[in-house]
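# Structure at a glance
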Amino acid sequence: MKFEHKDLLGMKQLKREEIELILDTAVPMKDIINRDIKKVPALRGKALVTVFYENSTRTRTSFEIAGKYLSADTVNLAVSTSSVQKGESLRDTIKTIEVMGFDLIVVRHSMSGTPHYISRNTNMRVINAGDGTNEHPTQALLDMFSIKEKKGTLEGLKIAMVGDILHSRVARSNIYGLSQFGCEIRVVGPSTLIPPDIENLGVKSYFSLDQAIDGVDVINVLRIQKERQQRGLFPSLDEYANLYMLSPDKLRRAKDDVMVLHPGPMNRGVEISSALADSTMAVINQQVTNGVAVRMALLFLMMGGSRDEITY
Amino acid sequence: MKLLIKGGRVVDPANDIDAIMDVMVEDGMIKAVEVNILDREGTIVDATGKIVCPGFIDMHVHLREPGYEYKEDIASGTRAAAVGGFTTVCCMPNTDPVIDSAAVAAFVRERAAKSGIVNVLPIGCISKQLAGKELSEMADLVSAGCVAVTDDGQPVSDASLMRNALEYAKMFDLPVLSHCEERSLTHDGQMHEGYYSTIYGLKGIPAAAEEIMIARDIILSELTGSHVHICHASTRGSMNLIRGAKARGANVSCEVTPHHLVLTDEMVGDYDTDTKVNPPLRSTEHLEALRDALLDGTVDCIATDHAPHHLESKDCEYDLAAFGISGLETAVAVIMHFLVDKGHLGWSEMVELFTIGPAEVLGIDKGTLDIDTVADITILDPLAIKTVNPSEFYSKGKNTPFKGMTLKGWPWMTIVKGKIVAQQGQLVNINTKDLI
């Protein structure tokens, strides 16, 4: 089986079998990361560029090292020092990059739909590394990989996502992905941060953290941004923490073997307590490693070949 | 100079005419509307199978001149109007300089006389500089031919200013056209707030933002007794408010746009910036409410809100793209295809919404085939089939979400002051030298 899409713009576009293909391909990729010599020639002669219009620690580095482990040439365009600051249009920036011969562009942008716009204007393959409040497909893939790794399956799990659902591209991508595996998906957060008609996506929404995590297998804690408070969406970080901060003692109603994810970066003491973040229930560091594996799988499938061709 | 339009189905709602008749035009005036006129002098137009109507009026058009000629000018905009089937357009005052003085209004009329090919009626500002602070000199604007006032493009946020505008405009029988938008609710919004804004991750513009200000303006209209006209009403709640106000006898009218009548927010999905418009494309329930309101008299007219933009304003990130749709060249075809051909609207109702409807809102002597009135005539071909191709637009604005759609029913001929200016999508006898 091959990855048939030119681009990965969102989880919305992926069918279940395609998600499984990526997750299955990530398993041998993870082995490579744990080797002494972490390099295979799978993408030798291929070139990818990461273009991040928003700050990022893990996603950008993760794509970069994923490409390098597969022997692709990887370049990062530092937007803050590029011609973008001289007012160059996005279209011109993309064209400039394209004619240097890159095969694939990884883009993050603060505005939803920008990867779709880029996709229409370039022959390079495009991976969406987060666009506005729309999607963050590779985060969803690595979350799903992490869940499957620990639980053995995704099928039928109860999963709660906690926090700012309205502005969360991670939540959206997770919903589109997980809902294809028969998961029961719950979202919980302040009523002002739950988007309209979210239940039409087949998820249940809650205001009470206790109720939302009752009997769940997985909790995905989302980052809360202080600027949302300044925009009047909730009164204070203190009140937010009182109502929605996950800590070990708040997990009593979840399943005993509940696992806790967080896409990072964390606000310790706001959406997650340090005690929980550093506990064995949390898989936050494993998520980062898995992120590299999933991105290796994706780059390989998009620039290399089919899963059957993995010969190492 | 005689022109005889023979054998067409004449639809003139103001005179309750819907029959196969001939129309005789002489020296730019309508001389007769009768069955089988035998006079064979002059030009004869065979309109068999066509629908002959009073000239269509678009009361909401951004011609962009002066100041934004790179988006559109009076020459290009009126050519777009002509091929789109319109004989009269009202141009909005958010130009640069804005139309807040007789001098600018006179300039627009002079340019229209020189380079325009359809009737152009300027609309003046409610507030000086469109700043929303002080009233514009409305007597001055009226003296220069303005037929209404508006701050369109932005709302009159100050309720006191709106009250005073309504009171003051009453002296001149001037309708006040209101762009209804509560900005504190629409801030940074990109599309209609609802299921699809959730899915597409774009900041939503709630229907309530429009409805709140419509409610305010209806209340102020009832307070002052003045005529408020709601621009581009787009929601079910708006229709309910206006319907209720009309039932109470309030002096309220409204327009809806073709795009709000046929397109929905689902279409934003591929982030095509041509779908970005203010008010935004709404959900199906709102679209259906607008269609119902067309039939029960809540809606007075259809207007395009023709908002041409330069390519660069649309060829960019969705959040950065300008709001607006270039509508003059598709409006009539869109209504014929999606509403009339599909049976939602009769010919007479459609013609009314494009002719006597807007004429009555503005209080102008147009929109009929009355004998001895100016011969502005629109002829429709209900069977013509054509695909919308923006690169063929006369408008400089190629920004249309209807691109690529194949529509059945197109304007066939446009006659302004007795002169044929457009036929089958092409200009007729028009010097194109002005088109730069």
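Computed from a predicted structure; not experimentally measured. Every residue gets a number counted from 1 within its own chain, in the order that chain's sequence is written. In the order they appear in the text, chains get letters beginning with A and ligands get numbers beginning with 1. In keeping with the model being predicted, local features are shown solely for residues with a pLDDT of at least 70 and side-chain atom pairs are shown and tallied solely at 80 or more, while totals for entire chains, interfaces and linings include all residues.

Let us look at helix α3 (residues 90-98) of chain A. Residues and elements named next belong to chain A. Buried residues of α3: L90, I94 and I97, and no others. For α3, the buried positions fall inside an angular range of 60 degrees around the axis, keeping them on one side. At its buried positions, α3 is contacted by β1 (47-52), β2 (73-77), β3 (104-109) and α4 (114-120). Neighbour counting defines burial: a residue surrounded by 20 or more other C-beta atoms within 10 Å of its own C-beta is buried, one with 12 or fewer is exposed, and intermediate counts give partly exposed, using backbone-placed C-beta atoms. To qualify as a helix, a DSSP run of H or I must reach at least 4 residues; to qualify as a strand, a run of E must reach at least 2; elements of each kind are numbered from the N terminus. The directions from the helix axis to the C-beta atoms are what the arc is built from. Residues are treated as contacting if the C-beta atoms built from their backbones sit within 7 Å of each other.

Residue and element names in this part refer to chain B. Where strand β1 (residues 2-12) lies against strand β5 (residues 51-54), two bridges are found, and the strand directions are parallel. Bridge assignment links R9 to a residue of β5, and that residue is I51. Strands are labelled as partners when DSSP assigns at least two bridges between them. Pairing analysis gives four bridges linking β5 to strand β16 (residues 377-387), with the strands arranged antiparallel. Along β16, the bridge assignment pairs P54 with I377.

Accessible area lost on assembly of the parts is the figure often given for the size of an interface. If you look at the interface, chain B gives 15 residues, while chain A gives 20 residues. Looking at the side of chain B that touches chain A residue by residue, the class counts come to six nonpolar, four polar and five charged. Residue type decides the class: Asp, Glu, Lys and Arg count as charged, Ala, Val, Leu, Ile, Met, Phe, Trp, Tyr, Cys and Pro as nonpolar, and the leftover types, Gly among them, as polar.

Attention shifts here to unusual backbone geometry. Geometrically, the link from G264(A) to P265(A) is a cis peptide bond, its omega value of -10 degrees lying close to zero. When you line up the elements, P265(A) lands in the loop between β9 (259-261) and α10 (274-277). Each neighbour pair has its own omega, and for E65(B) with P66(B) the value is 5 degrees, a cis peptide bond. The backbone of N36(B) sits at a positive phi, close to 55 degrees, despite the residue not being glycine. Counting through the fold element by element, N36(B) comes out in the loop between β3 (29-34) and β4 (43-46). Among the residues examined, N36(B) registers 9 C-beta atoms within 10 Å and is labelled exposed. Phi at Y271(B) takes a positive value of approximately 60 degrees, unusual for a residue other than glycine. Among the residues examined, Y271(B) registers 27 C-beta atoms within 10 Å and is labelled buried.

Residue and element names in this part refer to chain B. By the bridge criterion, four bridges tie strand β17 (residues 406-416) to strand β18 (residues 419-423) in an arrangement that is antiparallel. Considered in β18, the bridge of M413 is made with Q423. Hairpin connection between β17 and β18: a loop of two residues separates the two successive antiparallel strands, and K417 in this loop has a positive phi of roughly 50 degrees. Across two bridges, β18 lies against strand β19 (residues 426-427) in antiparallel orientation. Across the sheet, residue Q423 finds its bridge partner in β19, namely Q426. Linking β18 to β19, which pair antiparallel, is a turn of two residues; within it Q424 sits at a positive phi near 50 degrees.

No statement about biological role is implied by the geometric values presented.
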